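Residue-level structure breakdown
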2 protein chains.
Amino acid sequence: MFEAVEVGARVDKAEYEAQVPQLRVELLNAQFDLRLADFPAIVLIFGNDDQGRNEIVNLCNAWLDARYLRTFAFGPPRRDERRYPPFWRYWRTLPGKGQLAIYVGGWAMDAVAGHYTGRLDAIAFERQIAHIQRFEQTLIEDGALILKFWLHLSRKALKRRLKAARRNPGRYVHLDDADWQIYETYDAAMAVAEHLLRKTSSGEAPWHMVEAADERHRNLSVMRTLLEGLQTRLAQPRAPTWAEAPLRVRRLQQDPLTILDAVDLSRSLDKADYDERLPRLQGKLQRRSRQARARGIAAVLVFEGWDAAGKGGTIRRITAALDARDYRVVPIAAPSEEERAHHYLWRFWRHLPAPGEMVIFDRSWYGRVLVERVEGYAREHEWRRAYSEINDFEEQLSESGMVLLKFWLHIDADEQLKRFREREQTPYKKYKITDEDYRNRERRLDYEAAVNDMVAQTSIAQAPWHIIAANDKRWARIEVLKIVCQSLKRAIDGR
Amino acid sequence: MFEAVEVGARVDKAEYEAQVPQLRVELLNAQFDLRLADFPAIVLIFGNDDQGRNEIVNLCNAWLDARYLRTFAFGPPRRDERRYPPFWRYWRTLPGKGQLAIYVGGWAMDAVAGHYTGRLDAIAFERQIAHIQRFEQTLIEDGALILKFWLHLSRKALKRRLKAARRNPGRYVHLDDADWQIYETYDAAMAVAEHLLRKTSSGEAPWHMVEAADERHRNLSVMRTLLEGLQTRLAQPRAPTWAEAPLRVRRLQQDPLTILDAVDLSRSLDKADYDERLPRLQGKLQRRSRQARARGIAAVLVFEGWDAAGKGGTIRRITAALDARDYRVVPIAAPSEEERAHHYLWRFWRHLPAPGEMVIFDRSWYGRVLVERVEGYAREHEWRRAYSEINDFEEQLSESGMVLLKFWLHIDADEQLKRFREREQTPYKKYKITDEDYRNRERRLDYEAAVNDMVAQTSIAQAPWHIIAANDKRWARIEVLKIVCQSLKRAIDGR
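Here the structure is a predicted model, which means the values were calculated and not measured.

Moving on: the pattern of salt bridges. Taken as a whole and judged by the stated rule, the model has 74 salt bridges over all chains. When the shortest N-O distance is used, the salt bridge between D65(A) and R67(A) registers 2.8 Å. Given a relative accessible area of 65%, R67(A) falls into the exposed group. Here K199(A) makes a salt bridge to E395(B), at a shortest N to O gap of 2.6 Å. Linking K199(A) in helix 8 (residues 186-200) with E395(B) in helix 15 (residues 380-399), this pair reaches from one chain into another. Each member of the pair, K199(A) as well as E395(B), carries the same accessibility label: buried.

If you want it as structure tokens, here you go:
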């Protein structure tokens, strides 16, 4: 792929100075228009020109309005960052609609450098490439503009650059021994890079190859392509999501047999039994959670279930056994304005646990394929593709060593109605029940089908769904506690 | 993923018989409408229910109009099929617009069975999954409807089925020792399948999970989903390609420096030298091609280049050295009606060489990113995504052991004009020159940019582009012959 950018392209000084002023004006205008647009712009600067990557960022800061531009230069993942999935640091920093972010090296360099230095073996490298494909596709389908640049130095040009850096280290501050090593093993390093470039080049987010030996040519190539990319995307009337189908909610006519019908809701526990087992299990959970913390094991617990199924009560029985510093409960309600400006998964990435921590989601990213699907807040192609987005997300959690537990608390319609009535009678619970809860009840058939599809598409070996019979609250709480203890034990024994 | 289809779903006989007549009428109507539609429908039937997979095909043949339905049940790749890329047999049989094809097992089973039996190791399995993702995405972006079914038997249901088959082998003709082995290693086999299902489930082509223990439930589930899939897609006004941008041709304003500028066109060979070297190289090529044939090495030679650059003459210098049974020259002109009804890559898959054979393409799939781009026959998103489609295609050729050589014959504009004039003066060459050739000349700048992008995006380690200085025909022919001989030698030495 590199021959086409080893042709000796140059721009002379006069031509450069003639072109720059107009280009800067147009870039500023495009940046201004972007601020009002309904998509984010993501620029990835990669290449074997270490110095050039950084100079381009400086140029962007100089030519664009730096107030509305964020640049991120991550080094190799630090020790603590490695305990999170590799994409965690990118998701956290992703621009929202109307924003522009520039990443130096970024996810592409993570993977290439990881494989080149031997940290990622061949399989891990292929997996990482697959994650990159999904990551970029996910953002593009959500409307993002992604522009990727490879700044290229031929072997000869790299050598010239390195020699110049020896003579003038103050000018080439970004070049070091690592760059010399790339030069020494040029063909091998470029083979790794080429493999990634080829696999991650797509019609919507191709790699733009830029010959970087001549700085003026490099600057003009990158900035013109950036401008053209912005202008082209701004000229499109809407986000390029295919099949912008109208919002359409299908209502089930008949009752399908679902996985929920296989749940034995008659299971129960008498009070004496419960009173004896609960403190015992909570004690066990406390010990396990200390051991997990000591080993840096992070855990994510997801609670979904019918309204009034007892999610809150169950969560409180868990947290009662934990040290307040070691867990966070994240209740998920309608997204904020900032959250709506990002991909729907963005807000969940932000809440992931640090090593040793436990995060409990009271409702979760599964809202996309449950309430958003049934109520028509998401378009059909949006919730349909969410299954694989979620699978990829959860796979990354598992690969990074997190414990991931997913619970659906199941009660039948009669029990739910009974609990609604009780809540209405109980002054301090009354606020919990609204007209919407009654409306949701009417759509129970649709929700059951959605739960069934959710389990069919996202219950995977590393993170199966646990469907909990919850007509009896005591039974449900003990079941969940048992599963949490067992799972933590497995993770602890595995370390 | 399988819990949701282990719930004991059943349909009783009376209900089944009440539903079938209406369903059959609607299916026939949908099939009729499909014949007039501008997309193909591809159905993939997979699952651990071997018997059920085949019964569903019989059902489709019974319920649908079998004249307009093609069904394909491939076993594990035969010895000769393994010499082609794994997807060769699927591309050959893909339905065109308005057609319906049903695959039993298909590409999904290839990969799962391959990994399960150890033929594909972990890396090869991941690669195959990536190919499946690309394959399906490529077809979907081209407008195809893909419906995928997993027919599921729980461990218990599979055991019941296998025991029934022992009692009544005439009824369960599709069950054999292999199915017993799957039962014996149920968890391991399902883990492999689950991994593939999860990775290849997408918003546009999700896996439909069907509980298959009860035949009536299985039949209704599959046929209803098939009907709904057809109806939904037929109701869409157009192919679901995102960003259906208007056809738009950008004309370059200024002359960019491209890889072609780096070619030294002054290279030449005098006649005496040529007359001595040509027969020597042709002799060598003859020996090499015999050795290659004996080792079953297939080769694909691609010739692209400017009009009048000398492709035909060069090809004839190659074929003169070959045995007529061992090679085919495939000239690529405008696609036929049948070819237009398929994805543009379809016609090239059909022409791939058998083991030991050489196929020479006089123009090729690169037309998509050359003439179709420059003349606006392809939409921008179509030719932009073609680079990765081509890379994936060529990667499959390389992985299956084929030698792939790509030549661009380069002449400058003056030389081209001279040759046009000569052709007009030569009676038997006059037909070769038309007004279109002169028009293409005017777009030389655009073509040069297209060639540059083509090389930048598709010149990869296993299949680099060879840019041949062809102002001197003798030089070009000798260069090409040398490269062909060298490449064959490398492949022969590698076997």
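Here the narrative resumes, following the displayed structure.
Residues and elements named next belong to chain B. Judged by pairing direction, the sheet is parallel, and its 5 strands sit side by side in the order 7-8-6-9-10 without closing on themselves. At either end of the open sheet lies a strand with only one pairing partner, and these are strand 7 (327-331) and strand 10 (465-469). The mean angle between the axes of side-by-side strands here comes to 20°, regardless of whether they run parallel or antiparallel. In terms of strand pairing, strand 9 (residues 403-410) meets strand 10 through 5 bridges, oriented parallel. By the bridge assignment for strand 10, K406 is matched with W465.

Before going further, it helps to examine the interface of chain A and chain B. Opposite the 53 residues of chain A that make contact, chain B presents 54 residues. Between chain A and chain B, roughly 4,400 Å² of surface is buried when both sides are summed, and carbon and sulfur atoms account for 50% of that area. The partner of R198(B) in a salt bridge is E395(A), and the shortest N-O contact between them spans 2.3 Å. Secondary structure elements with two or more residues in the side of chain A that touches chain B: helix 5 (122-141), helix 8, strand 5 (207-211), helix 9 (215-235), helix 15 (380-399) and helix 18 (444-458) of chain A. At 7 residues, the largest contribution of residues to the side of chain A that touches chain B is made by helix 5 of chain A. Considered class by class, the residues forming the side of chain A that touches chain B number 20 nonpolar, 16 polar and 17 charged.

The rules behind each value
- The residue count restarts for each chain, going from 1 along the sequence in the order it is written.
- Just so you know, chain letters begin at A and ligand numbers begin at 1, following the order they were written in.
- Restriction of local features to residues with pLDDT of at least 70 applies here, the model being predicted, together with a cutoff of 80 or more for giving and counting side-chain atom pairs; totals for whole chains, interfaces and linings are based on all residues.
- Excluding hydrogens and water, the side-chain values take into account all heavy atoms of the structure.
- In what follows, salt bridge is the name for a side-chain nitrogen of Lys or Arg lying within 4 Å of a carboxyl oxygen of Asp or Glu.
- Partly exposed describes any residue whose relative accessible area lies between the buried limit of under 20% and the exposed limit of over 50%, with all areas from a 1.4 Å probe on protein chains only and scaled to the type maximum.
- Only DSSP runs of H or I reaching four residues or more are called helices, and only runs of E reaching two or more are called strands; each is numbered from the N terminus.
- Criterion used throughout: strands pair if DSSP finds at least two bridges between them.
- Interaxial angles span 0 to 180 degrees and are taken between N-to-C directions of axes, which are lines fitted to C-alpha atoms, for helices over the stretch in contact.
- Throughout, a residue-residue contact means that at least one pair of heavy atoms, one from each residue, lies within 4.5 Å.
- The quantity reported as buried area is the accessible area (1.4 Å probe) lost by two parts once they are put together, taken as the sum for both.
- Think of it as three bins: nonpolar holds Ala, Val, Leu, Ile, Met, Phe, Trp, Tyr, Cys and Pro, charged holds Asp, Glu, Lys and Arg, and polar takes everything else, Gly as well.

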